[in-house]
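One letter stands for each residue in the lines below.
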Amino acid sequence: QLSLFRLTMKRLFSASHSSVDSKEMKKFQLLAHKWWDEEGEYSALHSMNDIRVPFIRDTLLNMSSNYHLGNPLSGVKILDVGCGGGLLSEPLGRLGALVTGIDPLEDNIRTAEQHKSFDPVLDKRIQYKSSSLEEIVEECMETFDVIVASEVVEHVADLEMFIKCCSQVLKPEGSLFITTINKTQLSYVLGIVVAEKIIGIVPEGTHEWEKFVPPEELERLLESNGFSVKTVNGMLYNPLSRSWSWMESTSINYAMHAVKSGAQGQSSPTDALSEMESEQPLATAGTTM
Amino acid sequence: TSAVMAAACGRGLLAPLAGRLRPGPRAPLRSVAAAAPLYDVVVSGGGMVGSAMAAVLGHDIHFQDKKIALLEAGPRKEYDHMPDSYSNRVSSISPGSATLLSSFGAWDHVCSLRLKPFRRMQVWDACSEAMIVFEKDDLDDMGYIVENDVIMSALTKQLDAVADRVEVFYRSRAVGYTWPLPSHSCDTSPWVQIELSDGRRLQTKLLIGADGHNSVVRKEAEIKNIEHRYDQSAVVATLHLSEATDNNVAWQRFLPTGPIALLPLSDTASSLVWSTSHEHASELLAMDEESFVDSINSAFWSNVNHSDFIDTAGAMFRSAISLLKPSGTAVRQLPPSVAEVDPESRAMFPLGMGHATEYVQHRVALIGDAAHRVHPLAGQGVNLGFGDIACLAHHLSAAAFNGRDLGSLKHLLKFETERQRHNVSLIAAIDVLKRLYSTSLAPLVLLRTWGLQATNALPPVKVRI
């Protein structure tokens, strides 16, 4: 009872220090029921599964030496932050992972719960919770093998705190997967003007260009908070074929894989090297915009 | 919220794929559905194609923790050992189909039972001298003649080997299917509901219809089928040859009434598939064994349908070809003569063609004769079905490895596009051949004579066939 009271008080008084942005929540409230219509407003997210699920799966398989091809993510504890209606949680659950999906919006959680309830296997493997990341930090210190934050960091209020919380709930040497949108002229034109206003593949008002995150900045924040960035890949959406593909350039969408450093904050020689590399792009960041 | 949900459902119906996501008026209540066991895949129909589909999925590494069910209306048949006499229902298995069967260990069983490889295929006309010979350059096997019972025995063995993943329901006929709404509400189940004749219920994420050309799955899913009954029946029988021979050639002669084919079973036995008019078929079944054998020999050897005009025109064309392409003409060989027919082995069945306009719908896929039915003249029927299996299994395996919902239209449509692209032209060609060869009118005979001779001379076309 006491902890519940404390949690509620914390929520009320730490609103200004939360990573959840209440304006963002209102936007998603209206679409809480449209998640599972594969041809509807979220169709681009549905097709994104075709590249983000193999990306997560193959990265994890490459890092582990014993796995079952029939159940590739068996036993892996995954936290899906900003899980929405569970679009990504369900495929990960089908591959054998034990998924905890959190989303600050209760309606999203309700939709997600209801959708997984018909499949007894998924029902057991996936747990949903209406909560922000900060709220679960205390009970979930170093609990998860993997954190997935897909299409989320462009909606959070305080990115550094978000990353710090990720680090706290992740086991040492655990993986963090992020997919998000770059902050470039191209991403403004394609990601907002075309996607939202012209062809309407993303509901209007979903994204704010100001909150887009360049990969250099994300990498800097990750590296300075105990992560080592392993992979950065550009992603491209083709609205005609309605499918995603990988591309060299990260100027629009991109995916990132980072690993939390081992126990006692030891950093390997490669970490020092990548720190030096990541400082360089900052000098030129101003000119790309 | 219910208003929003209703609006969402309505919009779902207007989406581009709306035609495939049929709303069922009888979508089941969640409480009722909850009791029925849920399978990942249910295959309806335990014939060669249905059993092979279930076996392929059961042996797939990405289906290791999935539950599959196979529904078969008939009883389980034990195939402990093959009887000495050959069964009268045989199939011509292509090398591609043999590869599929060996991918899950069934082909080894077939080889250990019995089969007959053939190296050549000679096809010729009753109304002219034209003929076409198929054979592989490297003298590899072109195909195999296998009794259907042998294939079923091999499939049953391989199904038993994965009994922990594939549950076979014998003597189970599905009497009703209930289709899910595309965007389901919390009251209705998202799965396909199946009701069996004994009252049992099953639920599944994907229903595969392999229940033959009168497919119930196809009818219940309201998928339109283009079908046509030929005015022909096929007579099958097991024949004994006058003398032992290498017997590695498949023979087919186009008579005006229909093609007659002799498929090798062993050095001394062959299987007969004679497509002819319904009346003639009944006569053939009724006549005594000696007359039956005489009819067969005469059908292959007699030249009564030739006319001088056609013969001359054909000979002219042939000399023209041999000038242009010396290797393009071959000597016509004579098929072996038949001495006896196995008593009790004569049977007949009506022929037709059919093609489903769609192979897939939300949570439903059709394979084999349920999707397409062809005339036996090209020996393609079961091979098309095995081709369907290879394609569908490939897409389902990839979907499972990506954690996708198995019943999702997205990958089912990829299967449909691939197979329709392959099947439609072949099915149309077989139908055209059937009609072209059902006449003795001179112009058409000339056309097909020259066409056959030309095709025989052109390697690229022959290889494609």
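Since we're looking at a predicted model, the values are computed, not measured. (Residues numbered from 1 in each chain as written. Chains lettered and ligands numbered in written order. Predicted model: local features only at pLDDT ≥ 70, side-chain atom pairs only at ≥ 80, totals over all residues. Heavy atoms only, no water.)

Asks: Can you lay out the environment of B:Y144 for me, pointing to particular residues and giving the numbers?
Replies: Residues and elements named next belong to chain B. Summarising the element assignment, Y144 is placed in strand 7 (residues 143-147). Among the residues examined, Y144 registers a relative accessible area of 14% and is labelled buried. Through-space distance from the C-alpha of Y144 to that of Q122 is 15 Å; in sequence the pair is 22 residues apart. When sequence neighbours within four positions are dropped, the list of residues in contact with Y144 reads S91, S92, I93, P95, A98, W107, L115, K116, P117 and F118. (Helix = DSSP H or I, 4+ residues; strand = E, 2+ residues; numbered from the N terminus. Buried < 20%, exposed > 50% of the residue type's maximum accessible area, 1.4 Å probe, protein only. Contact = heavy atoms within 4.5 Å.)

Asks: Let's hear about a nonpolar patch on the surface: which residues, and what values?
Replies: Taken together, the side chains of A:L186, A:Y188, A:V189 and A:L190 define a hydrophobic patch exposed on the protein surface, amounting to about 320 Å² of accessible area. Assignment of secondary structure puts A:L186 in helix 9 (residues 185-198). (Patch = residues over 30% accessible without salt bridge, like charges linked within 9 Å, V, L, I, M, F, W, Y side chains within 5 Å. Areas by Shrake-Rupley, 256 points an atom, 1.4 Å probe, with all protein chains shown as cover. Salt bridge = Lys/Arg side-chain N within 4 Å of Asp/Glu carboxyl O.)

Asks: Mind laying out the UniProt feature "domain: FAD-binding" (unreviewed entry) in chain B, listing which residues take part and the relevant values?
Replies: UniProt feature "domain: FAD-binding" (unreviewed entry): in the numbering of this structure it lies at residues 338-422 of chain B. What you have in residues 338-422 of chain B is 41% helix and 25% strand, and the ends, taken at the C-alpha atoms, are 37 Å apart. (UniProt positions renumbered as here; feature names shortened; annotations may be inferred.)

Asks: Help me get a handle on the side chain of B:K66, residues and values and all.
Replies: By the element assignment, B:K66 lies in the loop between helix 3 (48-58) and strand 2 (68-71). Residue class for B:K66 comes out buried when judged on its relative accessible area of 12%. Excluding residues that lie within four positions of it along the chain, B:K66 makes contacts with A:R94, B:D40, B:R165, B:A400 and B:L406.

Asks: Please set out a negative patch on the surface residue by residue, giving values where relevant.
Replies: Residues and elements named next belong to chain B. Taken together, the side chains of D288, E289, E290, D294, E340 and E344 define an acidic patch exposed on the protein surface. For the negative patch, the element with the most residues is helix 9 (residues 289-301), which contributes three residues. Among the structural elements, D288 can be located in the loop between helix 8 (278-286) and helix 9. Residue classification places D288 among the partly exposed residues on the basis of a relative accessible area of 46%. (Lys, Arg positive; Asp, Glu negative; His and termini not counted. Charge placed at Lys NZ, Arg CZ, Asp CG, Glu CD.)

Asks: Give me the lowdown on the packing of aromatic side chains, citing residues and values where you can.
Replies: Tallied over the entire structure, the rule returns eleven aromatic pairs over all chains. Ring geometry for A:Y237 and A:W244: centres 5.0 Å apart, planes at 40 degrees, overall tilted. Accessibility expressed as a relative area gives 13% for A:Y237, which makes it buried. For the pair B:Y39 and B:F169, a centre-to-centre distance of 6.3 Å together with 80 degrees between the ring planes defines the contact as edge-to-face. (Phe/Tyr/Trp six-rings, centres within 6.5 Å; stacked < 30°, edge-to-face > 60°.)

Asks: Quick one: what's the story with helix 4 (residues 95-103) of chain B, residue by residue and with numbers?
Replies: Residue and element names in this part refer to chain B. Here helix 4 has its buried residues at S97, A98, L100 and L101. All buried residues of helix 4 fall inside an arc of 160 degrees around its axis, so they share one side. Helix 4 presents T99 and S103 as exposed residues on the side facing more than 90 degrees away from its buried surface. Elements that come into contact with the buried residues of helix 4 comprise helix 3, strand 3 (90-93), helix 5 (106-113), strand 7, helix 6 (148-161) and helix 11 (381-401). Backbone geometry just downstream of helix 4 places G105 in the positive-phi region, at approximately 85 degrees. (Arc of directions from axis to C-beta.)

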